[in-house]
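Below, each chain spelled out in residue letters.
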Amino acid sequence: MIGVALIGAGIFAREEHLPAIQACPLLALKAVYSRSHESAAALAALATKPDCKIDVFCHSLGVDGQDAGLSSLLSRPDIAAVVVALPILQQPAVIRAAIAAGKHVLSEKPVAGTVAAARDLLAWYDALPGGTRPFWGVAENYRFKRSLQFAAEKIAELGGSVNTFALRGFSFVEPDNKYFNTPWRKEPAYQGGFLLDGGVHQVAGLRMLLAAASLRIARVSAFGALLEDRLRPLDTLHAAVATNDGRAAGVVSISYATEFRSGLDIEIVTTRGTVTWTPTEVKVVTKDASDSGKTAEETRIFENDRGVATEMVAFAECARDRGAPETGLSPREALRDLELLEALLDSASSGAPVVL
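Everything numeric in this text was worked out from a predicted model, so none of it was measured.

## Notes on the overall build of the chain
Inference 1: Within the chain one finds eleven helices and 15 strands.
Inference 2: What you see for the chain is a C-alpha radius of gyration of 21 Å, in line with the 21 Å of a compact globule of 356 residues.
Inference 3: The principal-axis extents of the C-alpha atoms in the chain amount to approximately 70 × 45 × 40 Å.
Inference 4: Out of the 356 residues in the chain, the part that is buried amounts to 52%.
Inference 5: Taking as baseline every contact in the chain between residues at least 6 positions apart, the subset at least 24 positions apart corresponds to 68%.
Inference 6: Counting every atom, the chain has about 15700 Å² of accessible surface; 52% of that belongs to carbon and sulfur.
Inference 7: Of note, the chain has its 36 positive side-chain charges centred 3 Å away from the centre of its 41 negative side-chain charges.

Printed below as a string of structure tokens:
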């Protein structure tokens, strides 16, 4: 088994990463890390596997000004891999430190706080010797949702040309929302606020379904708004977007401040039918083969699975095989997610279209 450490003790680490690590037959949890001993110990206490000794590490300033707690964890020879689930702006430095220590890394989305920071991180990683560098993957769990994978398969199966498409993601972040009440989300030092932290999932889903039709978004023209002051700097985006084939265009609407509208769906309309995805349902509408005047519908229902357990197994397999390709974990795909989201934010800010 591969010894792994969980770096970060926040909500997603507790509720998703820890259970996924413990459920993975290829991984053995050896240690956890957080900024405080209290939060790290609380995370370790949630481990359910019997006879599993989990060591606790926390932030401690060494004489060299570095984090002695993190350095001690990364020096452990029985830890071959780490899962990094820290606040967005803290992640790149920890990713570099872990890879430099020879550890395989799965880091939470987004890949970085800005496109510039992400490109710098990828350039550093790509410059490492390919035969010996550890595996690094970015955890965009939407790519492992079975419903989204099925929708992509159906789009590829339909064929034809895309006529139009839409991403509609509406929700309302209540004042007592557990994610909102984490300090780094409540006072974000990064662009976009919830639109970056949560919206990156939704644009990843749209990109995945357009890629099934061999398309990507090449131009965006967006409008932004702050509907709820507590969700600074921005909580709503509406955009017209166009694809690289010069033919298809669609709309993107994402808001975390619509109290009386909620739901998430992505619709891809082609010359041969329509595929509509929600986290729990995929509907395919095509022409009825027996009657050209009628349509045929296929609906598949799914559990609302976050995809984290499947994602963790994929990471473990890549760590075991020392970097076997896994598109779902690709840092470059994560960069493209961020490029699209940052283009939407930049267009909303400037009032001008942005070409990707």
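Read on for the rest.
## Focus: the layout of surface pockets
Inference 1: Reported here for the largest pocket is a volume of approximately 1200 Å³.
Inference 2: Around the largest pocket, the lining is made up of 49 residues, and of these Phe-12, Tyr-179, Arg-185, Asp-197 and Arg-306 lie nearest the centre.
Inference 3: Broken down by element, the residue count for the lining of the largest pocket peaks at four residues, all from helix H1 (residues 11–23).
Inference 4: Class assignment for the residues of the lining of the largest pocket results in 21 nonpolar, 19 polar and nine charged.

## Observations concerning the pattern of salt bridges
When their charged atoms lie close together, side chains carrying opposite charge are able to pair.
Inference 1: In the structure shown here, the tally under the stated rule is 23 salt bridges.
Inference 2: The salt bridge partner of Lys-154 is Glu-298, with a shortest N-O separation of 3.3 Å. Placement of the pair is Lys-154 in helix H6 (residues 146–158) and Glu-298 in strand S14 (residues 291–301), with a sequence separation of 144 residues.
Inference 3: What makes Glu-298 partly exposed here is its relative accessible area of 30%.

## Let's talk about the nonpolar core
Inference 1: Ranked by size, the top nonpolar core spans 115 residues in total, and within it Leu-73, Val-82, Trp-136 and Leu-344 carry the most contacts.
Inference 2: Among the elements that make up this core, the one with the highest residue count is helix H11 (residues 331–350) (eight residues).
Inference 3: Sequence-distant contacts of Leu-344, that is, excluding residues within four places in its chain, are made with Val-203, Val-220, Ala-222, Leu-237, Ala-239, Val-241 and Val-252.

## Comments concerning the packing of H6 against helix H9 (residues 199–211)
Inference 1: As a packed pair, H6 and H9 sit with axes 8 Å apart at the nearest point and diverge in direction by 30°. Comparing the axis directions of H6 and H9 gives the class roughly parallel. The crossing of H6 and H9 is right-handed. Across the interface between the two elements, Leu-148, Gln-149, Ala-151, Ala-152 and Ile-155 of H6 pack against Gly-205, Met-208 and Leu-209 of H9.
Inference 2: Each residue belonging to the contact of H6 with H9 can be placed in one class, and the counts come to six nonpolar, two polar and no charged.

## Digging into the packing of aromatic side chains
How two aromatic rings sit relative to each other is given by the distance of their centres and the angle of their planes.
Inference 1: The tally for this structure, following the rule as stated, stands at six aromatic pairs.
Inference 2: For the ring pair Tyr-125 and Trp-136, a centre distance of 5.3 Å and an interplane angle of 75° mean the geometry is edge-to-face. Of the two residues, Tyr-125 is situated in helix H5 (residues 115–126) and Trp-136 in strand S6 (residues 136–139); the sequence distance between them amounts to eleven residues.
Inference 3: According to the relative accessible area criterion, Tyr-125 is buried, its value standing at 9%.

## Considering H9
Inference 1: The first and last C-alpha atoms of H9 sit 18 Å apart over 13 residues, in line with the 18 Å expected at 1.5 Å per residue.
Inference 2: Most of H9 is tucked away, with twelve of its 13 residues classed as buried.
Inference 3: Within H9 the residues assigned to the buried category are Gly-199, Val-200, His-201, Gln-202, Val-203, Ala-204, Gly-205, Leu-206, Arg-207, Met-208, Leu-209 and Leu-210.

Each value, and the rule that gives it
- Residues numbered from 1 in each chain as written.
- Predicted model: local features only at pLDDT ≥ 70, side-chain atom pairs only at ≥ 80, totals over all residues.
- Heavy atoms only, no water.
- Helix = DSSP H or I, 4+ residues; strand = E, 2+ residues; numbered from the N terminus.
- Rg over C-alpha atoms; globule rule 2.2 N^0.38 Å.
- Buried < 20%, exposed > 50% of the residue type's maximum accessible area, 1.4 Å probe, protein only.
- Contact = heavy atoms within 4.5 Å.
- Areas by Shrake-Rupley, 256 points an atom, 1.4 Å probe, with all protein chains shown as cover.
- Lys, Arg positive; Asp, Glu negative; His and termini not counted.
- Charge placed at Lys NZ, Arg CZ, Asp CG, Glu CD.
- 1 Å grid on protein atoms, 1.4 Å probe; cavity = no way out; pocket = protein on both sides within 12 Å on 5 of 7 lines; lining within 4 Å.
- Points joined across faces, edges and corners; volume = space filled by probe spheres on them.
- Nonpolar A, V, L, I, M, F, W, Y, C, P; charged D, E, K, R; others polar.
- Salt bridge = Lys/Arg side-chain N within 4 Å of Asp/Glu carboxyl O.
- Core = buried A, V, L, I, M, F, W, Y, C linked by side-chain atoms within 4.5 Å.
- Axes fitted to C-alpha atoms, helices over the stretch in contact; angles between N-to-C directions.
- Parallel < 35°, antiparallel > 145°, perpendicular 65-115°, else oblique.
- Left-handed = near helix turned anticlockwise from the far one by under 90°.
- Phe/Tyr/Trp six-rings, centres within 6.5 Å; stacked < 30°, edge-to-face > 60°.
- Expected span 1.5 Å × (residues − 1).

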